[in-house]
Amino acid sequence: MLAKRIIPCLDVKNGRTVKGVNFVGLTDVGDPVELGARYAQEGADELVFLDISASLEGRNTFAQLVGRIADRLNIPFTVGGGISTLEDASRLLDAGADKITVNSAAVHNPKLISEIATRYGSQSATTTSSTATSSTTTSSTTAAVSAAAAALSEEPQEKSDALNTTASNKTNFFIFSF
């Protein structure tokens, strides 16, 4: 039987945790530092922080905020948003993230996952995909995940097949660790 894990994901915009549907109608729900600490205290197994506007705004994720959150946690901490280079990943890992997750850049540069894994170990590199599926979107996401899996695994087809099995005609959210 698979173990169940609680992994909250904090969507962060402008330094504040937000909640919405498909990133629309966002409502401020609190300070990510305090919310992250509370989740850790209440038994979460891991915390994911996604700077949901970093890529869209063409900026990097706030490393200082990542450091403040990491200082309050005693659980694994994954950070994503605005990571498009090895230097971006390095900055966040140096700030206190245990893992980084790449979204948009994984589609444009699947080798980035391999570069991060080579420098920091495969446990530090993940990819996420938040997509409204269509045949084109699903194909490009599958291609990015397959390329990342090929860079880090002996069995990329198995991971690609898992993605294809999960795809449907609604919004999907995937987190892959290789």
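See the structure shown above.
If you're wondering where the values come from, they're calculated on a predicted model, not measured in any experiment.

Q: How would you explain the pairing of strand β6 (residues 99-102) if you had to name every residue and give the values?
A: Alternating positions in β6 separate into two faces, Lys-99 and Thr-101 on one and Ile-100 and Val-102 on the other, with burial throughout. Inspection of the sheet shows strand β5 (residues 77-80) paired to β6 by three bridges, in the parallel sense. Note on β6: the bridge partner recorded for Gly-80 is Thr-101. With helix α4 (residues 86-95) bridging β5 and the parallel β6, this β-α-β connection has right-handed handedness.

Q: I'd like a rundown of the pairing of β5, residues and numbers included.
A: The side chains of a regular strand alternate, residue by residue, between the two faces of the sheet. Burial along β5 is two-sided: the face carrying Phe-77 and Val-79 and the face carrying Thr-78 and Gly-80 are both buried. Taken together, the four bridges between strand β4 (residues 47-51) and β5 define a ladder with parallel strand orientation. Bridge pairing in β5 links Leu-50 to Gly-80.

Q: Any chance you could break down the packing of aromatic side chains for me, citing the residues and the numbers?
A: As enumerated under the stated definition, the model contains one aromatic pair in all. Between Phe-49 and Phe-77 the ring centres are 6.3 Å apart and the planes differ by 80°, which places this aromatic pair in the edge-to-face class. Taken together, the residues Phe-49 in strand β4 and Phe-77 in strand β5 connect sequence positions 28 residues apart. Given a relative accessible area of 0%, Phe-49 falls into the buried group.

Q: Which residues make up the nonpolar core, and what values go with them?
A: Among the nonpolar cores identified, the biggest contains 30 residues, and Phe-49, Ile-69, Phe-77, Ile-100, Val-102 and Ile-116 are the most heavily contacted of them. Among all residues touching Phe-77, those that are not within four sequence positions of it are Leu-47, Phe-49, Val-66, Ile-69, Ala-70, Gly-96, Ala-97, Asp-98 and Lys-99.

Q: Describe the environment of Glu-57, with residues and values.
A: Counting through the fold element by element, Glu-57 comes out in helix α2 (residues 54-57). Separated by 25 residues in sequence, Glu-57 and Gly-82 place their C-alpha atoms 8.5 Å apart. Setting aside residues no more than four positions away along its own chain, Glu-57 makes contact with Lys-13 and Asn-14.

Reading the values: the criteria
- Residues numbered from 1 in each chain as written.
- Predicted model: local features only at pLDDT ≥ 70, side-chain atom pairs only at ≥ 80, totals over all residues.
- Heavy atoms only, no water.
- Buried < 20%, exposed > 50% of the residue type's maximum accessible area, 1.4 Å probe, protein only.
- Helix = DSSP H or I, 4+ residues; strand = E, 2+ residues; numbered from the N terminus.
- Pairing = 2+ DSSP bridges.
- Right-handed = clockwise from strand over helix to strand, strands pointing away.
- Phe/Tyr/Trp six-rings, centres within 6.5 Å; stacked < 30°, edge-to-face > 60°.
- Core = buried A, V, L, I, M, F, W, Y, C linked by side-chain atoms within 4.5 Å.
- Contact = heavy atoms within 4.5 Å.

Honestly, it's all geometry; don't read function into it.
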